[in-house]
Each structure stands twice: as C-alpha cells, then as structure tokens.
Amino acid sequence: WSTNEISTSQVEYGIAVSYGSITAEAPPVFSHKMSFFDLQADIAYHYRVKSKDAAGNTATSGDYTFTTLAPPPPPTSITVFKKWSLAIGNFLTSNFAGPAIGSDGTIYASGTDYHVYAVNSDGTQKWRFKTDNSYPSSPIIGNNGIIYASGTKLYAINPDGTQKWKSSFGTFYSNAPVLGSDGTIYAGGAGGDGKLYAINSDGTQKWIFDKGNTSGFMSLAIGADGTIFGTAGFGLYAVNANGTKKC
C-alpha cells in the first residue's frame, strides 16, 4: 500500500476480525510492504494495515481477507533408480569390509575372493589386487593416496593397484586398520597373536604393544589426543601413541 507522506508500516492479522497478531513496526516509507511467515496452510485470514507519520498520526485501513495456499498432496509413490552394479563374483565380505572412497571418486572394496578392488565412479573395474589367500579388511586411504588393508598380512597398495609393501611381521585380523594423523598405521593382531602393531608409512615396524594374552584385537579407534583404543577378548585397551599402556 502507499501513503501520501512518509510513514511506518504495520499489519494486524488473524483468522477472525479481532486479528490477534501484529507485525513489528517497520521504518517510515512511502510505498509499504510487509512479510510474515507464521501462517497455517489453506486458512482464510483477516488483515488490516496501519501507518503512522512523523507527527504520530495513525491511519488504519478497513478489513481485508486472503486465503493461504493448500499444502501439496503427498507423493503417491517413490521410484528408486539403480545407477549401476558390478558383478565380479563374491564381491564384498559383508562381515567386515565396507568400501572406501578416494578423493578422485574411486571406490575401493574387498572381496571374498581375496582381492581388493578399485572401481571407477561409473561402475567399471579399475584394477584388483590379490592378497595372500586371506580375506582383506575394509580398505583405508592415506593422505598420499596409498590404500591399506589387512588380512593375514598388512598391505600397502599404490593408487595404480601395484603393491607398495607387505608386512613381514604379525598375523592380522581382517578388520580395518586405522591411520594416525602422522601417517602411522595401527593394526590388531589376530587370535594367537594378540598384539597391537604400529607401522610406519614405509612398512617398517614402529612398535608392538603386547597386552599379555593371545586374544585378537577385533576393532581399533584413535582418540583426539592420539590414544589408540582397541577391543580384544573381554577387554578394552587404551594405548599411548608411543606404544605404552595408558589404562
């Protein structure tokens, strides 16, 4: 609405002529508009506008009405379209091997055929890497693009699918290793071994934590302060970044 002199803007509104709601008073202008958002759908509202000039004179319009829009109807059905699938035998080991996604969109996943697979974002196979006849864990990806996975050994795989190195120590579980902020790889020994291994990014051993029994480490996590947590047997272990027992 418009006024013949500069004045404030305000709207009273509600579902009855008694209104009940009012907007905050807007600064003085000649051409007025107001927005308000606390309205119900498909409801008839009454409103009137008010303007006040610099001298404090207030002008109020007559009563008007408007009806808000009805909400859209709910969808009757939802169709899900498959983008692609990749059939390459016994592909994913469902117990412990979820995929990992590289910065270039490459998907890395492990199979029950003892291979780690690299798959392009369009679903085509990029390469596959053969382990020593053991189920590989979920792959993890280092900052340098190296892919790590553990089976009976810990493997470091180059982005082109070639082997960078393979551990020459320890017997590991097919549970994913974890990666420290400094690039150290931590992997838990399997049952009968039961140790926690810290491995440098070049494949050399950094330290071994021996908890004093042979129950295997099943899962690992790293805290914000660098503490490595692991579950083994009926225990939860906390190990400092230097390989000593925390608690």
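Everything quoted here is computed from the prediction, not taken from an experiment.

A separate point is the overall build of the chain. Along the backbone of the chain there are zero helices and 21 strands. A compact globule built from 247 residues would reach a C-alpha radius of gyration of about 18 Å, whereas the chain, at 33 Å, exceeds it by more than 25%. Dimensions of the chain along its principal axes, counting C-alpha atoms only, are 90 × 45 × 35 Å. Counting all 247 residues of the chain, 38% fall into the buried class. Partitioning the contacts of the chain with sequence separation of at least 6, the portion at a separation of at least 24 is 38%. For the chain, the exposed area adds up to about 13800 Å²; of that, 54% sits on carbon and sulfur atoms. Counting 17 positive and 17 negative side-chain charges, the chain places the centres of these two groups 12 Å from one another.

With that settled, the discussion passes to the sheet that holds strand β9 (residues 115–119). Ordered by their spatial adjacency, four strands build an open sheet running β7-β8-β9-β10, and the pairing between neighbours is antiparallel. With partners counted over all chains shown, the strands left at the sheet margins are β7 (100–101) and β10 (125–130), one partner each. Direction of pairing for β9 relative to β10: antiparallel, over a ladder of five bridges. Within β10, the position partnered with Val-119 by the bridge is Gln-125.

Before going further, it helps to spend a moment on unusual backbone geometry. For Tyr-19, which is not glycine, the phi torsion reads 65° and is therefore positive. When you line up the elements, Tyr-19 lands in the loop between β1 (2–14) and β2 (21–22). Of note in this structure, Asp-42 is not a glycine but carries a positive phi near 55°. Locating Asp-42 in the fold gives a position in the loop between β3 (26–31) and β4 (44–52). Its relative accessible area of 48% is what places Asp-42 among the partly exposed residues.

Turning our eyes to something else, we now look at the sheet that holds strand β20 (residues 228–232). An order of β19-β20-β21 is seen for the three strands of this open sheet, with the pairing classed as antiparallel. Taken across any chain shown, the strands that pair with only one partner, and hence form the sheet edges, are β19 (217–222) and β21 (235–239). Averaged over all adjacent pairs, the angle separating strand axes in this sheet is 20°, with direction ignored. When β19 meets β20, the two strands line up antiparallel, connected through five bridges. Looking at the pairing, Phe-217 lines up with Ala-232 of β20.

For the coordinates displayed, the defined rule picks out one cavity of 30 Å³ or more. Of the voids in this model, the largest cavity is the one considered here, and its volume is about 60 Å³. It is β19 that contributes the most residues to the lining of the largest cavity, four residues altogether. Looking at the lining of the largest cavity residue by residue, the classes come out as six nonpolar, four polar and no charged.

On to the environment of Asn-133. Residue position: Asn-133 is located in the loop between β10 and β11 (140–141). Along the sequence, Asn-133 and Gly-243 sit 110 residues apart, while their C-alpha atoms lie 30 Å from each other.

A complete count under the given rule lists twelve aromatic pairs for this structure. Both rings, one in Phe-129 and one in Tyr-155, keep their centres 5.7 Å apart while their planes meet at 70°; by these two values the pair is edge-to-face. In this pair, Phe-129 sits in strand β10 while Tyr-155 sits in strand β13 (residues 154–157), placing the two residues 26 residues apart along the sequence. Here Phe-129 matches Tyr-155 in class, with each residue buried.

Let us look at the pairing of β13. Burial of the side chains of β13 extends over both faces: Leu-154 and Ala-156 are buried on one face and Tyr-155 and Ile-157 on the other. Across four bridges, strand β12 (residues 147–150) lies against β13 in antiparallel orientation. For Ala-149, the partnering residue across the bridge sits in β13 and is Tyr-155. Count of turn residues in the β13/strand β14 (residues 163–166) antiparallel hairpin: five residues, of which Gly-161 carries a positive phi of about 95°.

It is worth spelling out the environment of Ser-9 at this point. Structurally, the position occupied by Ser-9 is in strand β1. For Ser-9, a relative accessible area of 2% puts it in the buried group. In the structure, Ser-9 is positioned 40 residues away from Val-49 in sequence and 7.4 Å away in space, judged by C-alpha atoms. When sequence neighbours within four positions are dropped, the list of residues in contact with Ser-9 reads Trp-1, Ala-24, Glu-25, Ala-26, Val-29, His-32, Met-34 and Lys-50. Engagement of the side chain of Ser-9 in a polar contact is seen with the side chain of His-32, the distance being 2.5 Å.

Parameters and conventions
- Residues numbered from 1 in each chain as written.
- Predicted model: local features only at pLDDT ≥ 70, side-chain atom pairs only at ≥ 80, totals over all residues.
- Heavy atoms only, no water.
- Helix = DSSP H or I, 4+ residues; strand = E, 2+ residues; numbered from the N terminus.
- Rg over C-alpha atoms; globule rule 2.2 N^0.38 Å.
- Buried < 20%, exposed > 50% of the residue type's maximum accessible area, 1.4 Å probe, protein only.
- Contact = heavy atoms within 4.5 Å.
- Areas by Shrake-Rupley, 256 points an atom, 1.4 Å probe, with all protein chains shown as cover.
- Lys, Arg positive; Asp, Glu negative; His and termini not counted.
- Charge placed at Lys NZ, Arg CZ, Asp CG, Glu CD.
- Pairing = 2+ DSSP bridges.
- Axes fitted to C-alpha atoms, helices over the stretch in contact; angles between N-to-C directions.
- 1 Å grid on protein atoms, 1.4 Å probe; cavity = no way out; pocket = protein on both sides within 12 Å on 5 of 7 lines; lining within 4 Å.
- Points joined across faces, edges and corners; volume = space filled by probe spheres on them.
- Nonpolar A, V, L, I, M, F, W, Y, C, P; charged D, E, K, R; others polar.
- Phe/Tyr/Trp six-rings, centres within 6.5 Å; stacked < 30°, edge-to-face > 60°.
- Polar contact = N/O pair within 3.5 Å; in protein donor to acceptor, adjacent residues only side chain to side chain.

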